[in-house]
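Here's the letter readout for the chains.
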Amino acid sequence: MADISLITMEEFCEEARKRLDVAGGLKYALVAMDIDYFKLFNELFGREAGDACLENMGAHLKEFVDNAHGVAGYVGRDDFVALVPWSREQYDDVEKYMSRLVGQDFKEGFHPSIGIYVIEDPAESVYTMYDKALLAVSRIKGNYAEHVRLYDNKMLERLRESHTIMVESQQAIKNDEFTFYLQPQCNMHNGRIVGAEALVRWPHKVKGFISPGSFIPVLEKNGYVVALDRMVWEGVCKWQRSLIDRGIKPLPVSVNISRIDFYFMDVAEFFIKLIEKYDIPADLIEVEITESTFADESESMMRSIELFHKAGFKVLMDDFGTGFSSLNMLRKISIDILKTDMRFLSSKDETESRGISIMESVFNLARQIGTPVIAEGAETRKQIDELMDMGCTYVQGYYYYEPMPIEEYEELLTNEEMLDRRGIYFRKVEQFHIREFLDENLYSDTMLNNILGAIAIYELQEDGKIRILRMNEHYYQVTGSAVMDDAEYREHLFHYVAQEDVEALCEIFTRADANPLAGGDGKMLYHAEGSERELYVQVFLLNSRNGNKVYYASLKPAT
Ligand code: C2E
Ligand code: MG
Ligand code: MG
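Predicted model only: the values in this text are computed from it and were never measured.

**Description of the coordination of the magnesium ion (ligand 2)**
- Looking at the magnesium ion (ligand 2), one finds its protein donor set to be Glu197 (OE), Asn256 (OD1), Glu288 (OE) and Asp318 (OD), positioned 2.0 to 2.3 Å from the metal centre.
- Between consecutive donors of the magnesium ion (ligand 2), the numbers of intervening residues give the motif E-x58-N-x31-E-x29-D.

**Concerning the packing of aromatic side chains**
- This structure, assessed with the given rule, holds 17 aromatic pairs.
- For the ring pair Tyr458 and Phe509, a centre distance of 6.0 Å and an interplane angle of 55 degrees mean the geometry is tilted. Separated by 51 residues along the polypeptide, Tyr458 in strand β16 (residues 454-460) and Phe509 in helix α21 (residues 502-514) bring together distant segments of the chain.
- The exposure class assigned to Tyr458 is buried, which follows from its relative accessible area of 2%.
- Ring geometry for Phe509 and Tyr551: centres 4.7 Å apart, planes at 85 degrees, overall edge-to-face. Taken together, the residues span a long stretch of sequence, with Phe509 in helix α21 and Tyr551 in strand β20 (residues 548-557) at a distance of 42 residues. For the residue pair Phe509 and Tyr551, the accessibility class agrees, reading buried in each case.
- An aromatic cluster is built from Trp233, Phe270, Phe271, Phe308 and Phe313, whose rings are joined through pairwise contacts.

**What about the site of ligand 1?**
- Taken together, the neighbourhood of ligand 1 is formed by 24 residues, with Asp229, Asp318, Arg343, Glu379 and Tyr398 sitting nearest.
- In isolation ligand 1 offers 800 Å² of accessible surface; the protein chains occlude 86% of this area.
- Broken down by secondary-structure element, the contributors of at least two residues to the shell around ligand 1 are β8 (192-204), α7 (212-222) and α8 (225-245).
- Of all the elements, β8 adds the most residues to the shell around ligand 1, at 4 residues.
- Class assignment for the residues of the shell around ligand 1 results in 8 nonpolar, 7 polar and 9 charged.

**Observations concerning the environment of Arg303**
- Among the secondary structure elements, Arg303 is positioned in helix α12 (residues 299-311).
- Accessibility expressed as a relative area gives 44% for Arg303, which makes it partly exposed.
- Sequence separation between Arg303 and Val267 is 36 residues; the distance between their C-alpha atoms is 9.4 Å.

**A look at the sheet that holds strand β2 (residues 28-35)**
- With mixed pairing, the 6 strands of this open sheet are ordered in space as β1-β3-β4-β2-β5-β6. Edge positions in the sheet fall to β1 (7-8) and β6 (148-150), since each of these pairs with one other strand and no more.
- In terms of strand pairing, β2 meets strand β4 (residues 79-85) through 6 bridges, oriented antiparallel. Across the sheet, Ala32 pairs through a bridge with Val81, a residue of β4.
- Here helix α5 (residues 126-140) sits on the sheet and contacts β2, β3 (71-76), β4, β5 (112-118) and β6; the angle it forms with β5, its principal contact strand, is near 135 degrees.

**With respect to the nonpolar core**
- In this structure, Phe215, Phe271, Phe294, Leu387 and Tyr409 are the most contacted members of the largest nonpolar core, which totals 89 residues.
- When residues of this core are assigned to their parent elements, the largest contribution, 9 residues, is made by α8.
- Shared between two domains, this core holds at least three residues of each, these being domain 2 (161-431) and domain 3 (438-557).
- Counting 30 residues, the second largest nonpolar core, distinct from the first, contains Ile35, Phe64, Ala68 and Phe110.

**Some thoughts on unusual backbone geometry**
- Residue Asp279 is not a glycine yet carries a positive backbone phi of 50 degrees.
- Examined against the element boundaries, Asp279 turns out to sit in the loop between α10 (267-277) and β11 (285-290).
- The exposure class assigned to Asp279 is exposed, which follows from its relative accessible area of 56%.
- Backbone geometry places Asp319, a non-glycine residue, at a positive phi of 55 degrees.
- With respect to the helices and strands, Asp319 occurs in the loop between β12 (314-318) and α13 (326-332).
- On the basis of relative accessibility, which here comes to 21%, the residue Asp319 falls in the partly exposed class.

Parameters at a glance
- Residues numbered from 1 in each chain as written.
- Chains lettered and ligands numbered in written order.
- Predicted model: local features only at pLDDT ≥ 70, side-chain atom pairs only at ≥ 80, totals over all residues.
- Heavy atoms only, no water.
- Donors = N, O, S within 2.8 Å, 3.2 Å for Na, K, Ca; no water.
- Phe/Tyr/Trp six-rings, centres within 6.5 Å; stacked < 30°, edge-to-face > 60°.
- Helix = DSSP H or I, 4+ residues; strand = E, 2+ residues; numbered from the N terminus.
- Buried < 20%, exposed > 50% of the residue type's maximum accessible area, 1.4 Å probe, protein only.
- Near = heavy atom within 4 Å.
- Areas by Shrake-Rupley, 256 points an atom, 1.4 Å probe, with all protein chains shown as cover.
- Nonpolar A, V, L, I, M, F, W, Y, C, P; charged D, E, K, R; others polar.
- Pairing = 2+ DSSP bridges.
- Contact = heavy atoms within 4.5 Å.
- Axes fitted to C-alpha atoms, helices over the stretch in contact; angles between N-to-C directions.
- Core = buried A, V, L, I, M, F, W, Y, C linked by side-chain atoms within 4.5 Å.
- Domains from an automatic or database assignment.

Below is the structure:
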C-alpha cells in the first residue's frame, strides 16, 4: 500500500463542505487529478515503483495546496482531489506547477492530468463538484500536450447529448431503423468501379441522416455496436442475394468490423453462417478491420482472420498508417488489401510534404509486400494525380463518388461500362525501381529506421527456389556484387551461397516462418564477382500467399 499522507475522500468532503459554508465571497475551485495510464505504469515498473509514484504525487499536491491555503484528499487508486481558493492567477500557477512536475518527476507518458471545476454554486454536493472536475480530466486523458483543463458547461451538454444518442440509438437498433449507404471504390486508370464499402446510416426522424462518426463511438462504449454491426452485415448479404435474384451481377462489398465485435462473438463464424444463409460466394463480402484493432492482437481476432481466409473472404486493413508498428504488424498478419486515408494529411503547406512522405512510405511498403492499396478520401483532381504518381491504383473518395443510397448504386451496377470486374489486385512491378531505395525523400523517418542497412525482399517459391524481388544499394556493397539488374542473379540466390551453407540458409527461412516476431538469423558464405565473404543474415516472414512466401532480409558482414 502506498503511504499517502492525505485525508480520505470522506474526510475531504466534510472539510470542503465546512470551508464552502463559510466562504462568503471567496471563490473556490474543486480539482481532480489522476495519472495517465497508471495501471500500465504498475505493470511496467512494478507495484513498488507505482506506490512511490503515488506518494510522490501526494507530496507534491500537499505542498501545492498548503501554499494555496486549500485542502487535499486521496480518493483511492491514482485519484486525488483538492479544494483551493480560486483566481485567474491560480490557474497560471497550476499550469506552471504542472509543467515543472511533468518535466522533472514523472516518467514520460505517465504524467498527471488535472481537471478544475470553478465552483458556481457552493451549495452543490461536493461529490457533484468532483464529478464535474473529473469530466474535465476525461477530456485531456492521454493527451501529451495538455495537462490541465477547466470544466465548462458545454462538457455536461456534450455528455447529455451522447447520453441521448445512446438511448435513442439503442431504441433505433431495436426498431431496425438503421440502413447503409454504399461508396464505390474505383480504379483510377479507367475511373471504373471495382467494388464498394457499406457505411451505416441512421435516418433520424428529427435530425435527418446521421453519420456514424457521432454514434459509433457511443455504441462502442456500451457494446451495442455489436448488434448494429450484425444488422449491417446481414443487410449487405441479404442485398447481395437480392441482386443475384434480380439478375444483377454484384461486385464485392466491404463491411466494417468494430474492435468490440471481437470481444463479444466469433466474428468469422458469424460471416460464414451469413453467406450460407443467403447462399452467396465469400468473395462478394470483404471485411475491414482498422489498424488500431489489429494492434490489440486479440486471440479472437487472430483466429477470425485465419478463418476468414480459409473461407475465402478478403481481409482489409482500414486506416492503415495512422497507428504504430505497422511493419511489425504486417509481418505477423496476412492482409489482402490496405486502406489508407488521405484526410489524415493536412492540406496546409507546412505539413503537406510530411503527409505525402507518409503516404509514399505506405505505398512503398505495400509494394514491397505485394499488397494492393485503396486510398480513401481523395476529393480533388490534384490528389488523384498525386496518388497516381505514387503508384496508387485504387481510390475511394468524393472525387469519384460520395456514399449513396442502395438504389442509386444499383443503377451503376447495371451499366457494365462503368465497372471493372477484374477487382482489386496487386500488379507486380516488372521494372526494378532501384531509385526508390536511393531517394530519401520517399521515406518517413520511421521507415528509414526500419530499413537501415543492406536489405532485400526475397521470395521463396513453391518449388523451393529463392528469388530476390528487391534490394537496395547497400545490398550490393555488403554482398560484394556489382551486378545491377541481372535477371539471373535475382533468380537463383543459391548460386551465390557456398554449397555447404545452402542447407543452413534454408533453416534460417524455416526459423523465420516459426518466429514471425524475432525472425530467423545465421551466417553464410557468399561469393560474388570472384570474392567470398561471410555474411550475417536476418530474415522475417512478411507475407505468404499461393504457396509463395515473401521475406524481408537484412545483411551485414559477419563479425
Ligand atoms: P471508414 O471505414 O474509414 O470509412 C470511410 C469514411 O470516409 C466514410 O465516412 C466515408 O463517407 C468517408 N469518405 C470517403 N471518401 C471521402 C472524401 O473524399 N472526403 C471526405 N471528407 N470523406 C470521405 P462515414 O460514412 O462517416 O464513416 C465514418 C466511420 O464510421 C468509418 O470510417 C467507419 O470506421 C465507421 N463505420 C461506418 N459504418 C460502420 C459500420 O457499419 N460498423 C462500424 N463498426 N463502423 C462503421
Ligand atoms: Mg472502413
Ligand atoms: Mg478508412
